Amino acid sequence: MNSQTYISLAEGLRRVATAEARRYFPDEDDVEDMAQEVMLRTWEKHLVLKPDERMLHAYVATLTRNLCKDKLKVKRRHPVLRLLWRTKEDEEETYILPSCDTPQSQMELAETARIYRHAMQQLPYNWRQIMLMRGEEEMSYEQIARILGTTESSVRGTLSKAKKRMLNLIKQKLEE
């Protein structure tokens, strides 16, 4: 399909991607991010796609579903890492907790944050950075390897060691 045909169909394809993403994400920002990702991927393949509008709509819907499922799978993979995210305020690293319904859940999340911070501080610097890049920033192994100037298998191995160490540190802290 040529560029002009793609551009003429793009608005309809984006509507399909947005509608499909809304089935998976309540947050409009996540929906928009997903729609942009789908549109980027379809643009990259527009020269090999056939200009059949029905087929393109089905392709975009399937691509959106698969990307949404992948993103949700990553978030489920590291539930402890998802409790916290980092921000920079006055050059001091702080951890922000999601809103809680009850004082009990607030206390539990605060305790989880304390244990998490303590365990993360016990990791070697490189391990900590790989954990953050993979878990919080959702980078691929390839991206992390490129940034660190190493191989994907090295990143996978280091991440595995870091996760095991984190689990051991958390277990130790819970037993105290």
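Residues numbered from 1 in each chain as written. Predicted model: local features only at pLDDT ≥ 70, side-chain atom pairs only at ≥ 80, totals over all residues. Heavy atoms only, no water.

Draft legend 1. View of the overall build of the protein chain. Of regular secondary structure, the protein chain possesses eight helices and two strands. Counted from the first residue to the last, the protein chain has its helices and strands arranged as α-α-α-α-β-β-α-α-α-α. The proportion of buried residues among the 176 residues of the protein chain is 35%. In the protein chain, 57% of the contacts between residues at least 6 apart in sequence involve partners at least 24 apart. As displayed, the protein chain offers around 11,500 Å² of accessible surface, 50% of which is attributable to carbon and sulfur atoms. (Helix = DSSP H or I, 4+ residues; strand = E, 2+ residues; numbered from the N terminus. Buried < 20%, exposed > 50% of the residue type's maximum accessible area, 1.4 Å probe, protein only. Contact = heavy atoms within 4.5 Å. Areas by Shrake-Rupley, 256 points an atom, 1.4 Å probe, with all protein chains shown as cover.)

Draft legend 2. Helix H6 (residues 125-136), seen in detail. Between its first and last C-alpha, H6 extends 16 Å over 12 residues, near the 16 Å set by a 1.5 Å rise per residue. One or two positions beyond H6, positive phi appears at Glu138, with a value near 55°. (Expected span 1.5 Å × (residues − 1).)

Draft legend 3. Looking closely at the packing of helix H1 (residues 3-22) against helix H2 (residues 28-44). Where H1 meets H2, the axes come as close as 9 Å, and the angle between the chain directions of the two elements is 145°. The crossing of H1 and H2 is right-handed. Seen from H1, the contacting residues are Ser3, Tyr6, Ala10, Leu13, Arg14, Ala17, Thr18, Ala21 and Arg22; seen from H2, they are Glu28, Val31, Glu32, Met34, Ala35, Gln36, Val38, Met39, Thr42 and Trp43. (Axes fitted to C-alpha atoms, helices over the stretch in contact; angles between N-to-C directions. Left-handed = near helix turned anticlockwise from the far one by under 90°.)

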